[in-house]
Amino acid sequence: MLPPELPPLPALTRAECDVVDGYLAVVDLIARINPARESDTYTALRAAQALPARVLELRDALTRMHGRGESELHTGTLARALRVLDGERRAGRVALPPGPAG
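Residues numbered from 1 in each chain as written. Predicted model: local features only at pLDDT ≥ 70, side-chain atom pairs only at ≥ 80, totals over all residues. Heavy atoms only, no water.

(A) Quick peek at the side chain of D18. Relative to the elements of secondary structure, D18 occurs in helix α1 (residues 14-33). A polar side-chain atom of D18 sits 2.7 Å from a polar atom in the side chain of R64. Beyond its immediate stretch of four places on either side in the chain, D18 contacts A61 and R64. (Helix = DSSP H or I, 4+ residues; strand = E, 2+ residues; numbered from the N terminus. Polar contact = N/O pair within 3.5 Å; in protein donor to acceptor, adjacent residues only side chain to side chain. Contact = heavy atoms within 4.5 Å.)

And the structure:
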């Protein structure tokens, strides 16, 4: 049995794709650094070491958009793309886990 098919990604410019990819890469790294979720210092260290390069890639994608006159982020379209790429779950790993009940 095949898994359910994902909805298609919305049409994005190359720079918008790079922004979405860069944002999710940064989110994934910050999630790996999150001391409330990670118990391995080596994993967190490796993620912290990789973070500056990914941030620069995200900055460069936004710079390209701005340089081409794209002054607005189309939040609805970008949010749909992030949802298709499991962005809600991935970004949720950055937050603190639920505390004890009571």
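Now, onward.
(B) Quick peek at the nonpolar core. Listed in full, the six residues of the largest apolar core are A15, V19, V26, L58, A61 and M65. If near-sequence neighbours (up to four positions away) are discounted, M65 is found in contact with A15, E16, V19, E70 and L73. (Core = buried A, V, L, I, M, F, W, Y, C linked by side-chain atoms within 4.5 Å. Buried < 20%, exposed > 50% of the residue type's maximum accessible area, 1.4 Å probe, protein only.)

(C) The arrangement of the environment of L56 in detail. Assignment of secondary structure puts L56 in helix α2 (residues 41-67). The exposure class of L56 is partly exposed, given its relative accessible area of 42%. Sequence separation of L56 and V27 is 29 residues, and the distance between their C-alpha atoms is 14 Å.

On their own, these measurements won't tell you what the molecule is for.
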